[in-house]
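Fold and contact review
Chain by chain, the residues run as shown.
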Amino acid sequence: MQVSDKPNSENIAANLTNSSNSIFSETFDSKNPPSPELIDACVHCGFCLSTCPSYRVIGKETDSPRGRIYLMDGINEGDIPLSPAIAQHFDTCLGCLACVTTCPSGVQYDQLIEATRAQVDRNHRRSLPEKLLRQFIFATFPYPNRLRILLAPLLAYQKLGLQKLLRSTGWLEKFLPEQVAAMESVLPELTADAFKDNLPEIIPAKGEKRYRVGMILGCVQRVFLPEVNNATVRVLTANGCEVVIPKLQGCCGALSHHQGQETQTLELAKQTIDVFADLNLDAVLINASGCGHTLKEYGHILKDDPHYAEKAKAFSSQVKDVQEFLDNVGLTAKLSPLQDAPLAIAYQDACHMLHGQKISLEPRRLLRQIPNVQLRESIDASLCCGSAGIYNILQPEVGHELGEMKVTNLTDTGAEVIASANVGCITQIRKHLKLQNKNVLLMHPMELLDHSIRGKKIR
């Protein structure tokens, strides 16, 4: 893709102002608007354009990082209103942070979009259907026990064959609202383990104890992908870790944080810090990249809280992605081949792992230790898969196109297995593997290590 010339900010402002509905004349409030200093760091070079997934799909300057920075600046200066026409361009951002990695000027776009989304949440008037959908998501997804209330009818929907029937007829896409159909499309196969947390509070290490670690179960993952947490515990204990899982833990706040739900984010972050306090841990581990990035940002998120600012910094310093941790401390358990023949695996870089936490080599080093594994790299490996938390629900068309591209690129490697370390990526990629009729296994790296440690073949 060609990097475009520097845009004309006056034309952008004029076009957007003329297209705005005059009854929406809100602006940013005084509570932490996007920083003018951070905005001014952008020199509008355009290097971000080729790496921005929303710009790749939509093709509009205003749906690129530098275009959104123009809008932020215009709203700050009072030249552009925070109208529906403007807010939609902030909504189309996936928050993948690829632009942060690419930017030669070191623009902290992550902090800019974080501040802007909180402003949009407070000051932008959404349509009633949009508002209701968001209220449902944020009142349900971060709370596992509430989410489980929905499981019984969803399990029946799957086991009675209704899901297969309705998907095959295309009825869901024709008659359900687009966002609801998108939500259904990423629903994984449910199991009995989804209905309750089965892991004990303390799981002893096998053999000599090397470390005592806390483990965060996540909110959506513990319900929809409980096998990932079970595998993670087995891998940790097999490698000399005593695992502590506080029963009162809930959501870390990542889902809320990525969508500007500031009040809920702060509440969930403080609860997480309190639950893991005074446990004498060597590390707090997480196996989902989106959660890991937010957990490591607690010091920034709670910087203005006099009671939690220092505690948040201390907590975040303990947080490690489980792959990051195991790569650092080393595997001690014996690893066996996952199949007799050489096994080609394509590792998928989740955005908040690669761009947010700067973790890329560590998962690959772990997987290469499994005998007979051959890692293969896809083209456009850093391009977002389109999940981005709940982006594929709120922006289904863009999310769908990105999912198609991601799965095509991964399967073009000829890999027999795709390894992905984020719950959103897993559900998104699994959906598009089915849509493309690709017979490729999709597993979390911890599941692959678990199979190898237990001598269990994957096929």
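Residues numbered from 1 in each chain as written. Predicted model: local features only at pLDDT ≥ 70, side-chain atom pairs only at ≥ 80, totals over all residues. Heavy atoms only, no water.

Some details on the pattern of salt bridges
Convention followed: By convention in these notes, a salt bridge is any Lys or Arg side-chain nitrogen within 4 Å of a carboxyl oxygen on Asp or Glu. By definition, any uninterrupted DSSP run of H or I lasting at least four residues is a helix, any uninterrupted run of E lasting at least two residues is a strand, and each is numbered from the N terminus. Three exposure classes are used, based on accessible area relative to the maximum for each residue type with a 1.4 Å probe and protein chains only: buried under 20%, partly exposed in between, and exposed over 50%.
All told, the structure shown has 23 salt bridges when counted by the stated rule. In this structure, Asp-29 engages Arg-122 in a salt bridge whose closest nitrogen and oxygen atoms are separated by 2.9 Å. Of this pair, Asp-29 sits in the loop between helix 1 (9–19) and helix 2 (36–40) while Arg-122 is found in helix 7 (residues 109–123), placing the two residues 93 residues apart along the sequence. Assessed through its relative accessible area of 30%, Arg-122 is described here as partly exposed. Salt bridges linked by common partners bring Asp-29, Lys-31, Arg-122 and Glu-262 together as one network.

Side note on the sheet that holds strand 6 (residues 343–348)
Put simply, the test is: A strand pair is defined by DSSP finding two or more bridges across the two strands. The axes are straight lines fitted to the C-alpha atoms, using for helices just the contacting stretch, and the angles between their N-to-C directions are given from 0 to 180°.
Judged by pairing direction, the sheet is parallel, and its 4 strands sit side by side in the order 7-6-8-9 without closing on themselves. The open sheet has two free edges, formed respectively by strand 7 (373–376) and strand 9 (441–443), since each of these has just one partner strand. Strand-to-strand, the axes of this sheet are offset by a mean angle of 30°, without reference to chain direction.

Considerations on the sheet that holds strand 3 (residues 241–244)
Note the following rule: Whether two residues are in contact is decided by their heavy atoms, any of which lying within 4.5 Å being enough.
Read across the open sheet, the 5 strands follow the order 1-3-2-4-5; overall the sheet is mixed. In the strand order of this sheet, the two ends are held by strand 1 (202–203) and strand 5 (319–321), each with one partner. Summarising the sheet, strand 2 (residues 211–215) and strand 4 (residues 283–286) pair through 3 bridges and their orientation is parallel. Along strand 4, the bridge assignment pairs Val-213 with Ala-283. Running at roughly 30° to strand 5, helix 20 (residues 309–318) makes contact with strand 4 and strand 5 of the sheet.

A few points about helix 15 (residues 226–238)
To keep things clear, this is the line we draw: In a helix, the anticipated span is given by 1.5 Å times the number of residues less one.
If you check helix 15, its first and last C-alpha atoms are 19 Å apart, about what 13 residues at 1.5 Å a residue would give, namely 18 Å. When you tally the buried positions in helix 15, you get 10 out of 13 residues, the bulk of the element. Within the span of helix 15, buried status applies to Pro-226, Val-228, Asn-229, Ala-231, Thr-232, Val-233, Val-235, Leu-236, Thr-237 and Ala-238. Immediately beyond the C-terminal end of helix 15, within one or two residues, lies Gly-240, with a positive phi of roughly 80°.

Things to note about a negative patch on the surface
Rules: The patches reported here contain residues having more than 30% relative accessible area and no salt bridge. Joining distances are 9 Å for like charges and 5 Å for nonpolar side chains (Val, Leu, Ile, Met, Phe, Trp, Tyr). For every accessible area listed, the method is Shrake-Rupley and the probe measures 1.4 Å; residues are considered covered only by the protein chains on display. For the purpose of counting charges, residues Lys and Arg are taken to be positive, whereas Asp and Glu are taken to be negative. His and the chain ends are not included. We put the charge of a Lys on NZ, of an Arg on CZ, of an Asp on CG and of a Glu on CD.
Together, Glu-37, Asp-40, Glu-77 and Asp-79 line one region of the surface with negative charge. In this structure, Asp-79 sits in the loop between helix 4 (65–77) and helix 5 (84–91).

Topic: the nonpolar core
What tends to happen in soluble globular proteins is that the nonpolar side chains get buried as a cluster. Using the following cut-off: Here the nonpolar core consists of buried residues drawn from Ala, Val, Leu, Ile, Met, Phe, Trp, Tyr and Cys, with membership extended through side-chain atoms lying within 4.5 Å.
With 74 residues, the main nonpolar core has Ile-137, Leu-236 and Leu-448 as its most contacted residues. Setting aside anything within four residues of it in sequence, one finds Leu-236 in contact with Val-213, Met-215, Cys-241, Val-243, Leu-285, Val-322, Phe-325 and Leu-326. Among the nonpolar cores identified, the runner-up in size contains 25 residues, and Leu-49, Ile-75, Ile-86 and Ala-87 belong to it.

Some details on the packing of helix 4 against helix 7
The cut-off we apply is this: Convention used here: angles under 35 degrees read as roughly parallel, angles over 145 as roughly antiparallel, angles from 65 to 115 as roughly perpendicular, and any remaining angle as oblique. Each crossing gets its handedness from the near helix: less than a right angle anticlockwise from the far helix is left-handed, clockwise is right-handed. Here the term charged refers only to Asp, Glu, Lys and Arg, the term nonpolar to Ala, Val, Leu, Ile, Met, Phe, Trp, Tyr, Cys and Pro, and the term polar to all other amino acids, Gly among them.
In the contact formed by helix 4 and helix 7, the axes pass within 11 Å of each other and the chain directions differ by 50°. The angle between helix 4 and helix 7 falls in the class oblique. Of the two possible hands of crossing, helix 4 and helix 7 adopt the one that is left-handed. Each of Pro-65, Arg-68, Ile-69 and Met-72 in helix 4 lies in contact with helix 7, whose residues at this interface are Tyr-109, Leu-112, Ile-113 and Thr-116. Across the contact of helix 4 with helix 7, the residue classes break down as 6 nonpolar, 1 polar and 1 charged.

A look at the environment of Pro-142
Tracing the backbone through its elements, the reader meets Pro-142 in the loop between helix 8 (128–140) and helix 9 (144–149). The spatial distance from the C-alpha of Pro-142 to the C-alpha of Cys-219 is 5.5 Å, given a sequence separation of 77 residues. Residues in contact with Pro-142, not counting those within four places in the same chain, are Ile-137, Cys-219, Cys-251, Leu-255, Ser-256, Gln-264 and Leu-268.

Quick notes on the packing of aromatic side chains
So the rule is basically this: Whether two aromatic rings pair depends on their centres lying within 6.5 Å, for rings of Phe, Tyr and Trp, where Trp uses its six-membered ring; planes under 30 degrees apart make the pair stacked, over 60 edge-to-face, and the rest tilted.
Tallied over the entire structure, the rule returns 5 aromatic pairs. With a centroid separation of 6.4 Å and an interplanar angle of 70°, the aromatic rings of Phe-136 and Phe-141 are classed as edge-to-face. Judged by its relative accessible area of 33%, Phe-136 falls in the partly exposed class. With a centroid separation of 5.5 Å and an interplanar angle of 20°, the aromatic rings of Tyr-298 and Phe-315 are classed as stacked. One end of the pair, Tyr-298, is in helix 19 (residues 298–301); the other, Phe-315, is in helix 20, with 17 residues separating them in the sequence. Looking at Tyr-298, the relative accessible area reads 0%, which means it is buried.

Focus on the pairing of strand 7
Here strand 7 shows a clear split, with Val-373 and Leu-375 buried on one side and none of Gln-374 and Arg-376 buried on the other. Across 4 bridges, strand 6 lies against strand 7 in parallel orientation. Counterpart to Ala-344 in the pairing with strand 7 is Gln-374.

Some words on the confidence of the model for the protein chain
Put simply, the rule reads: Think of pLDDT as the predictor's per-residue confidence, scored from 0 to 100.
Scored by pLDDT, the protein chain has a mean of 92; 95% of the residues are at 70 or more. In the model, residues 1–6 has pLDDT below 50 throughout and makes 15 contacts with residues more than four positions away in sequence or in other chains. Long-range and interchain partners of residues 17–25, a stretch whose pLDDT sits below 50, account for 14 contacts in this model, where long-range means more than four residues apart.

Concerning the side chain of Thr-140
The test is simple: As used in this structure description, the phrase polar contact means that two N or O atoms lie within 3.5 Å; if the pair is within protein, one of them must be able to donate a hydrogen and the other to accept it, and residues adjacent in sequence are counted only when both atoms belong to side chains.
Secondary-structure assignment places Thr-140 in helix 8. From its side chain, Thr-140 meets the backbone oxygen of Phe-136 in a polar contact 2.7 Å long.

A look at the packing of helix 15 against helix 27 (residues 445–454)
At a minimum axis distance of 8 Å, the contact between helix 15 and helix 27 shows a crossing angle of 50°. It follows from the interaxial angle that helix 15 and helix 27 lie oblique. Handedness of the helix 15/helix 27 crossing: left-handed. Contacts from Glu-227, Val-228, Ala-231, Thr-232, Arg-234, Val-235 and Ala-238 of helix 15 reach helix 27 at Met-446, Glu-447, Leu-449, Asp-450, Ile-453 and Arg-454. Residues that form the contact of helix 15 with helix 27 fall into these classes: 7 nonpolar, 1 polar and 5 charged.

A word on the side chain of Asn-229
Considering the arrangement of structural elements, one finds Asn-229 in helix 15. Exposure remark for Asn-229: the relative accessible area of 3% places this residue in the buried category. For Asn-229, the side chain forms a polar contact with the side chain of Asn-287, separated by 3.0 Å. Excluding anything up to four places from it in sequence, Asn-229 contacts Leu-199, Met-215, Leu-217, Gln-221, Arg-222 and Asn-287.

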